[in-house]
Amino acid sequence: MFKIGCHLSASKGYMHMAKEILSIGGNTFQFFTRNPRGGTAKELDLDDINKFNEFSKDNGIEVILAHAPYTINVCSDKEETRRFGIDTMKDDLMRLDYINKSYYNFHPGSHVGQGVEVGINYIIDALNEILRDDQNTIVLLETMAGKGSEIGRSFEEIKQIIDGVKLNSKLGVCLDTCHVYDAGYDILQNLDSVLDEFDRVVGLERLKAIHINDTKNPFESHKDRHEKIGEGYLGNSAFEKIINNERLKDLPFYLETPNELDGYEKEIAYLKSIRK
Ligand code: FE
Ligand code: FE
Ligand code: ZN
């Protein structure tokens, strides 16, 4: 089954998102666990969650992707910022325990001038504190564009984090097509060799989800600006190859393109039409 969806607003709860994604032709979705500015989360609505778990079983929603607020930074140079990120992620994971099947994606963070090694060590320390062996959710490190001092711009950095974490059976990777191209992995010309490299460095069994975005900037720009599918430097044919690739096609795909709901509906329809 082609698992395809987009980023949705979580403000009206899980059941609302489930119905919304079905109404635009998708069968999975991504959402922010809380206000992206990183404030407090809404009170857990177990009634909504129980209904959602039932509804998703009956309607072919196999998995959903929670996204941590992008403002948290567990490798900040400020102790209170690191602490806030860790506490937020712990709380998010506790909440996700109630969902049938979810992944939890986060941005590894920005080392803000402390250097990659210091940053990676903070991320490892954070994950060693956050992960529990009884958690229900796999935590995904997102591949980043390498804007500013972002960590996660190379497969090696991702691998180094995974290797440092004790409970790394709870870790996976979410590959963002805009970010990896921006970071210097040529998925336009050489998708298969990029996947070979990912397999060699990280292991393809770690790859759990794809963020499917075109990019406003040319190869290796390190800018991280998403574009609508087909309207950026990657273009339609790149996405046809990505969603049909033998090694990717069973993963869930999430659009994070600059769109409202109607735009997402068109992109989902288009991607379904070119899916083999
Ligand atoms: Fe992200
Ligand atoms: Fe992304
Ligand atoms: Zn991005």
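Here the structure is a predicted model, which is why all the values come from computation and not from measurement. (Residues numbered from 1 in each chain as written. Chains lettered and ligands numbered in written order. Predicted model: local features only at pLDDT ≥ 70, side-chain atom pairs only at ≥ 80, totals over all residues. Heavy atoms only, no water.)

Draft legend 1. The coordination of the iron ion (ligand 2), seen in detail. Coordination of the iron ion (ligand 2) by the protein is provided by E142 (OE), D176 (OD), H211 (ND1) and E256 (OE), with metal-donor distances spanning 2.0 to 2.3 Å. Around the iron ion (ligand 2) sit four donor atoms, and with donor-metal-donor angles ranging over 85 to 171° the site reads as irregular. All donors of the iron ion (ligand 2) come from a single chain, and their spacing in sequence reads E-x33-D-x34-H-x44-E. If you look at the iron ion (ligand 2) and the iron ion (ligand 1), they sit 3.4 Å from each other and are both ligated by E142. With E142 in strand β6 (residues 138-142) and E256 in the loop between β12 (253-255) and α9 (261-274), this pair connects stretches of sequence that are 114 residues apart. As far as the burial class goes, E142 and E256 line up, both buried. (Donors = N, O, S within 2.8 Å, 3.2 Å for Na, K, Ca; no water. Tetrahedral: all angles 85-135°; square planar, octahedral: opposite > 155°, others 65-115°. Helix = DSSP H or I, 4+ residues; strand = E, 2+ residues; numbered from the N terminus. Buried < 20%, exposed > 50% of the residue type's maximum accessible area, 1.4 Å probe, protein only.)

Draft legend 2. Representation of unusual backbone geometry within the structure. Unlike most non-glycine residues, V112 shows phi in positive territory, near 45°. Mapped onto the elements of the fold, V112 is located in the loop between β5 (109-110) and α4 (116-130). Here V112 falls in the partly exposed class, since its relative accessible area comes to 43%. One non-glycine residue with positive phi stands out, namely H222, at about 55°. Inspection of the secondary structure assignment puts H222 in the loop between β10 (214-215) and β11 (226-227). By relative accessible area, H222 is classed as partly exposed at 25%.

Take it as geometry only, folks, not as evidence of what the structure does.
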